[in-house]
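# Descriptive structure summary
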Amino acid sequence: MTGADTDDRLIEQGRKLFAGQWTFIWASPSIETLPPMGPIEIAFAGRSNVGKSSLINALTGQTTLARTSHTPGRTQELIFFVGPEHTPLRLVDMPGYGYASAPKTKVASWTTLIHQFLLGRATLARVYVLIDSRHGLKDVDREILATLDKSAVSYQIVLTKADQVKPGELATRITETEAELAKHPAAFPQVLSTSSRAGNGMAELRAAIARLLNERGA
């Protein structure tokens, strides 16, 4: 089978994986209130307002599955979603880290929750760390990458809002990010670029998730 055949197969698997109806099942404000472990979980992490909820909505083709807001810090819990029956996967929308329009004590609380979840969830197979393609990696992102390296949780960088960056600038951002990731042992080397608004990169992201499930035998 050629590389092109493999890519086409994974893209079709990814399309089928997200073709059905996804629904909300659980919200966890603390590590003690997590749902029982079950299917493989993938989580979406990123700075406040990087576009996590918009990406989940675009990924599943459901415009209102994950709550979106122009106000940083609206997602303050770990939000779990499941697909149709027998789908071997859960999605986790994580609170944004960094700046948020909320009291500092609350921000500190859910930042702690993020790190605890990343360090101790056995069913967590991969974290997609979302980075605004207009700005690239920041120190607050690097703190999350360090936590993931420490916990040996596989993660992949997904650049968001790629439609708002000129192609040449986007290519440079991808090259710079991949060069930095070479220093991180738990990082998947390929950087994906996406646009929730335009739909760019969604098929490739779905295919990456399908590949992960194949590797896990799910």
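Residues numbered from 1 in each chain as written. Predicted model: local features only at pLDDT ≥ 70, side-chain atom pairs only at ≥ 80, totals over all residues. Heavy atoms only, no water.

Judged by nonpolar contacts, the single largest core of 32 residues is most densely connected at Met94, Phe117, Leu118, Val127, Val129, Tyr155 and Ile157. When sequence neighbours within four positions are dropped, the list of residues in contact with Val127 reads Ala43, Ala45, Leu118, Leu148, Val153, Ser154, Tyr155 and Gln156. Counting residues in hydrophobic clusters, the runner-up holds 28 residues, among them Leu91, Ala125, Tyr128 and Val158. (Core = buried A, V, L, I, M, F, W, Y, C linked by side-chain atoms within 4.5 Å. Buried < 20%, exposed > 50% of the residue type's maximum accessible area, 1.4 Å probe, protein only. Contact = heavy atoms within 4.5 Å.)

With that out of the way, let us pick up the sheet that holds strand S3 (residues 78–82). Paired through their backbone hydrogen bonds, the strands of a sheet run either parallel or antiparallel. Strand order across the open sheet formed by seven strands is S1-S3-S4-S2-S5-S6-S7, with mixed pairing between neighbours. Each edge of the open sheet is held by one strand with a lone partner, namely strand S1 (23–28) and strand S7 (192–193). Pairing of S1 with S3 involves five bridges; the strand directions are antiparallel. Counterpart to Phe24 in the pairing with S3 is Phe81. Packed onto the sheet, helix H2 (residues 52–60) meets strand S2 (40–46), S3, strand S4 (89–93), strand S5 (124–132) and strand S6 (155–160) and runs at close to 140 degrees relative to S2. Packing of helix H6 (residues 202–215) onto the sheet brings it into contact with S2, S4, S5, S6 and S7, and relative to S5 it is tilted by some 160 degrees. (Pairing = 2+ DSSP bridges. Helix = DSSP H or I, 4+ residues; strand = E, 2+ residues; numbered from the N terminus. Axes fitted to C-alpha atoms, helices over the stretch in contact; angles between N-to-C directions.)

Moving on to the pairing of S2. Within S2, seven of the seven residues are buried, leaving the element largely enclosed by the surrounding structure. Covered by surrounding structure in S2 are Ile40, Ile42, Phe44 and Gly46 together with Glu41, Ala43 and Ala45, the residues of both alternating faces. Bridge analysis of S2 against S4 gives five bridges, and the strand direction is parallel. Within S4, the position partnered with Phe44 by the bridge is Asp93. Alignment of S2 against S5, held across six bridges, turns out to be parallel. Across the sheet, the residue bridging to Glu41 is Leu124, located in S5.

So, about the packing of aromatic side chains. For any pair of aromatic rings, geometry is given as the distance between the ring centres together with the angle between the planes. Evaluated as defined, the whole model comprises four aromatic pairs. Ring geometry for Phe18 and Trp22: centres 5.2 Å apart, planes at 20 degrees, overall stacked. Residue Phe18 is classed as buried on the basis of its relative accessible area of 4%. For Trp22, a relative accessible area of 1% translates into the label buried. (Phe/Tyr/Trp six-rings, centres within 6.5 Å; stacked < 30°, edge-to-face > 60°.)

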